[in-house]
Amino acid sequence: VQLQASGGGLVLAGGSLRLSCAPSRIILSTFSGSDMAWYRQTPGKQRELVASNLAGGVTKYADSVKGRFVISRDNARKRVILQMNNLKPDDTAVYYCNGRIMGRDYWGQGTLVTVSS
């Protein structure tokens, strides 16, 4: 299984970006039963959970992004989306897609999000 992440870039504060993550080589039922999440990391800091979308439909968010970010899942296309609105300079980080698929953790390659003030 490989997770293909895309959508990072440079944006001004207050702007929006949309990240997408699609696991390859899994069938639809496997994706539907997987827990998906987005993490982020800045230099010198631990990787932190930004948002998660569990197989049962439960979503969770870090306090710092509540009300601004939305995680959603498109099971038909086997991808998970992170819509990021009202971005702040503190959101600058490398964002990683994570999938717990059939009991194993998989990570995407990371996509850089830079928010300029």
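One can find the structure itself at the top, above this paragraph.
Keep in mind the model is a prediction, meaning the values are calculated, not measured.

S.K.: Describe the packing of aromatic side chains, naming the residues involved and giving the relevant values.
M.R.: Going through the model one piece at a time under the given rule, you end up with one aromatic pair. Consider the rings of Tyr 39 and Trp 107, whose centres lie 5.0 Å apart with planes at 65 degrees: the pair is edge-to-face. One end of the pair, Tyr 39, is in strand E4 (residues 35-41); the other, Trp 107, is in strand E10 (residues 104-107), and 68 residues separate them in sequence. A relative accessible area of 21% places Tyr 39 in the partly exposed class. By relative accessible area, which is 37% here, Trp 107 ends up partly exposed. It is Arg 47 that lies over the ring of Trp 107; its NZ or CZ is 4.6 Å from the centre.

S.K.: Give me the environment of Ile 81: which residues, what numbers.
M.R.: Along the chain, Ile 81 turns up in strand E8 (residues 79-84). What makes Ile 81 buried here is its relative accessible area of 4%. With 62 residues separating them in the primary sequence, Ile 81 and Leu 19 have C-alpha atoms 5.6 Å apart. Excluding its chain neighbours within four sequence positions, the residues that come into contact with Ile 81 are Arg 18, Leu 19, Ser 20, Trp 38, Val 70, Ile 71 and Ser 72.

S.K.: If you had to explain unusual backbone geometry to someone new, which residues and values would you point to?
M.R.: A positive phi is found at Arg 25, a non-glycine position, where the angle reads about 65 degrees. Secondary-structure assignment places Arg 25 in the loop between strand E3 (17-24) and helix H1 (28-32). Despite not being glycine, Met 102 has its phi angle at roughly 55 degrees, a positive value.

S.K.: Explain the sheet that holds strand E7 (residues 69-74) to me, using residue names and the numbers behind them.
M.R.: Read across the open sheet, the four strands follow the order E1-E3-E8-E7; overall the sheet is antiparallel. Looking at which strands have only one partner, the edges of the open sheet turn out to be strand E1 (2-6) and E7. Neighbour-to-neighbour, the strand axes of the sheet open up by a mean angle of 15 degrees, direction not taken into account. Relative to E3, E1 is paired through five bridges, and the arrangement is antiparallel. Of the residues in E3, the one forming a bridge with Gln 2 is Ser 24.

S.K.: Report on the nonpolar core, specifying residues and quantitative values.
M.R.: Residues Trp 38, Phe 69, Leu 82, Met 84, Tyr 95 and Cys 97 are the most contacted members of the largest nonpolar core, which totals 27 residues. When contributions to this core are tallied by element, the ones reaching two or more residues are E1, E3, E4, strand E5 (48-53), E7, E8, strand E9 (93-101) and strand E11 (111-116). Broken down by element, the residue count for this core peaks at four residues, all from E9. With near-sequence residues (within four places) excluded, Cys 97 lies in contact with Leu 3, Ala 5, Cys 21, Met 36, Ala 37, Trp 38, Val 80, Tyr 106, Trp 107 and Gly 108.

Calculation criteria
Residues numbered from 1 in each chain as written. Predicted model: local features only at pLDDT ≥ 70, side-chain atom pairs only at ≥ 80, totals over all residues. Heavy atoms only, no water. Phe/Tyr/Trp six-rings, centres within 6.5 Å; stacked < 30°, edge-to-face > 60°. Helix = DSSP H or I, 4+ residues; strand = E, 2+ residues; numbered from the N terminus. Buried < 20%, exposed > 50% of the residue type's maximum accessible area, 1.4 Å probe, protein only. Lys NZ or Arg CZ within 6 Å of the ring centre and 35° of its normal. Contact = heavy atoms within 4.5 Å. Pairing = 2+ DSSP bridges. Axes fitted to C-alpha atoms, helices over the stretch in contact; angles between N-to-C directions. Core = buried A, V, L, I, M, F, W, Y, C linked by side-chain atoms within 4.5 Å.

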